[in-house]
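Letter by letter, the chains look like this.
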Amino acid sequence: MALLNILRYPDPRLHKVAKPVTEFGTERLRRLVADMADTMYDAPGVGLAATQVDVHERVIVIDVTDSHDGLIVFINPEITWASEEKQVYDEGCLSVPGIYDGVERPSRVKVRAHDADGKEFELEADGLLAVCIQHEMDHLMGKVFVEYLSPLKRNRIKAKLLKEERGLEREAAQRSSGRR
């Protein structure tokens, strides 16, 4: 399968709201899910939303296992219940590489979604899986986890990532011109 390009914060495409998937069981959808899973594992990460690879459809892949054998595909996910109890987790994001910070979220959630064939399922999650589901669903709504942080932290992160991006672009330009 193909590895997809992961958008980096503060790319404005990360703020697009994803549209529901209307056709299930198609080769295009199966390829998207497989490519997203390969991209997530290669990154490496535990979750990836289609928004992060510039596909603005409500598709998420998650695998919180160490053995990479627990892939869950959520298409058109909806949280149907969230616990009043909250928990702070240090979150990271493939679109915000190298940045981790605490985000408070409900500690347990119930989610209803479809698999790639369109079969509906419900799942109750806690711990890392609950955090990951909420984090990835935020992406589908155009929200990145750094938006939970203070404006000062968010601006520092944005400046750091933009500086890194300029450095990468400069290196690429030097390589293509034969200089190093």
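Only a predicted model underlies this, so the values are computations on that prediction, with no experimental measurement involved.

So, the overall build of the chain
Phase 1: A count of helices and strands for the chain gives three helices and seven strands.
Phase 2: In sequence order, the secondary structure elements of the chain are arranged as α-β-β-β-β-β-β-β-α-α.
Phase 3: For 180 residues, the compact-globule estimate of 2.2 N^0.38 gives 16 Å, and the chain sits close to it at 17 Å.
Phase 4: Principal-axis analysis of the C-alpha atoms places the extent of the chain at approximately 55 × 40 × 30 Å.
Phase 5: If you take every contact in the chain between residues at least 6 apart in sequence, the share linking residues at least 24 apart comes to 65%.
Phase 6: When the accessible surface of the chain is totalled, it reaches about 9800 Å², and 49% of it is carbon and sulfur.
Phase 7: A distance of 9 Å separates the average location of the 26 positive side-chain charges in the chain from that of its 31 negative side-chain charges.

Some words on the pattern of salt bridges
Phase 1: Evaluation of the coordinates by the stated rule reveals eleven salt bridges.
Phase 2: Arg28 is paired through a salt bridge with Glu57; the nearest N and O atoms lie 2.9 Å apart. In this pair, Arg28 sits in helix 1 (residues 27-42) while Glu57 sits in the loop between strand 1 (47-49) and strand 2 (59-62), placing the two residues 29 residues apart along the sequence.
Phase 3: Using a relative accessible area of 44% as the deciding quantity, one classes Arg28 as partly exposed.
Phase 4: Relative accessible area serves as the criterion here: at 17%, Glu57 is assigned to the buried category.
Phase 5: Where Arg108 meets Glu85, a salt bridge forms, and the shortest distance between an N and an O atom there is 3.8 Å. Taken as a pair, Arg108 in strand 6 (residues 108-114) and Glu85 in the loop between strand 3 (72-82) and strand 4 (86-93) lie far apart in primary sequence, 23 residues in all.

Observations regarding the packing of aromatic side chains
Phase 1: On inspection of all chains with the given rule, the structure shows one aromatic pair.
Phase 2: With a centroid separation of 5.7 Å and 45 degrees between ring planes, the pair formed by Phe74 and Phe121 is classed as tilted. One end of the pair, Phe74, is in strand 3; the other, Phe121, is in strand 7 (residues 120-126), with 47 residues separating them in the sequence.
Phase 3: Take Phe121: its relative accessible area is 22%, and that puts it in the partly exposed class.
Phase 4: Seen from the ring of Trp81, Lys110 lies directly overhead, with NZ or CZ sitting 5.8 Å from the centre.
Phase 5: The ring of Tyr148 is capped by Lys143, whose NZ or CZ atom sits 4.0 Å from the centre of that ring.

Here's the deal with helix 3 (residues 151-176)
What sets the pattern is the α-helix's 3.6 residues per turn: residues three or four places apart point alike.
Phase 1: Under the 1.5 Å per step criterion, the end-to-end length of helix 3 is 37 Å for 26 residues, consistent within 8% with the ideal 38 Å.
Phase 2: Remark: Gly178 follows helix 3 within two positions and exhibits a positive phi of approximately 85 degrees.

A closer look at the side chain of Gln134
Phase 1: Mapped onto the elements of the fold, Gln134 is located in helix 2 (residues 127-140).
Phase 2: The buried category is assigned to Gln134, whose relative accessible area is 7%.
Phase 3: Beyond its immediate chain neighbours, meaning those up to four positions away, Gln134 contacts Ile79, Arg105, Pro106 and Val109.

Here's the deal with the environment of Ile133
Phase 1: In this fold, Ile133 is placed in helix 2.
Phase 2: Owing to a relative accessible area of 2%, Ile133 belongs among the buried residues under this scheme.
Phase 3: Linking Ile133 and Lys153, residues 20 residues apart in sequence, is a C-alpha distance of 24 Å.
Phase 4: For Ile133, the contacting residues outside a window of four places in its chain are Ile62, Phe74, Val111, Leu123 and Ala125.

Some thoughts on the sheet that holds strand 6
Phase 1: Strand order in the open sheet formed by five strands is 1-2-3-6-7, and the pairing between neighbours is antiparallel. Bordering the open sheet on either side are strand 1 and strand 7, each of which pairs with just one other strand. Taking each pair of neighbouring strands and ignoring which way they run, the sheet shows an average axis angle of 40 degrees.
Phase 2: Across the sheet, helix 1 lies against strand 1, strand 2 and strand 3, angled at about 40 degrees from strand 2, the strand it touches most.
Phase 3: Sheet contacts for helix 2: strand 1, strand 2, strand 3, strand 6 and strand 7; angle to strand 7, the most-contacted strand, approximately 120 degrees.

About the criteria used
Residue numbers here run from 1 along each chain, matching the order of that chain's written sequence. At least 70 in pLDDT is required for a residue's local features to be given in this predicted model, at least 80 for side-chain atom pairs to be given and counted, and no such filter applies to totals for whole chains, interfaces and linings, which use all residues. With hydrogens and water excluded, all non-hydrogen atoms of the structure serve as input to the side-chain values. Numbering of helices and strands runs from the N terminus; a helix is a DSSP stretch of H or I covering at least four residues, while a strand is a stretch of E covering at least two. It is over C-alpha atoms that the radius of gyration is taken, and the globule rule equals 2.2 Å times the number of residues to the power 0.38. Note on contacts: a residue pair qualifies if any of its non-hydrogen atoms lie within 4.5 Å across the two residues. Per-residue and other accessible areas follow the Shrake-Rupley method at a 1.4 Å probe size, with only the shown protein chains counted as cover for residues. His is not counted, nor are the chain ends, whereas Lys and Arg count as positive and Asp and Glu as negative. Where a charge lies is defined by one atom per residue type, namely NZ (Lys), CZ (Arg), CG (Asp) and CD (Glu). Salt bridges are identified by distance alone: a Lys or Arg side-chain nitrogen within 4 Å of an Asp or Glu carboxyl oxygen. Relative accessibility decides the category of a residue: with a 1.4 Å probe and only protein chains considered, values under 20% of the type maximum give buried, values over 50% give exposed, and everything between is partly exposed. Pairing of aromatic rings covers Phe, Tyr and Trp, the last through its six-membered ring, and needs centres within 6.5 Å; plane angles under 30 degrees mean stacked, over 60 mean edge-to-face, and all others mean tilted. Lysine and arginine charges are scored as sitting over a ring when NZ or CZ, respectively, is within 6 Å of the ring centre and within 35 degrees of the ring normal. How far a helix is expected to stretch is found by multiplying one less than its residue total by 1.5 Å. Strand pairing is defined by DSSP finding a minimum of two bridges between the two strands. Between the N-to-C directions of two axes lies an angle of 0 to 180 degrees, each axis being a line fitted to C-alpha atoms and, for a helix, fitted only over the stretch in contact.

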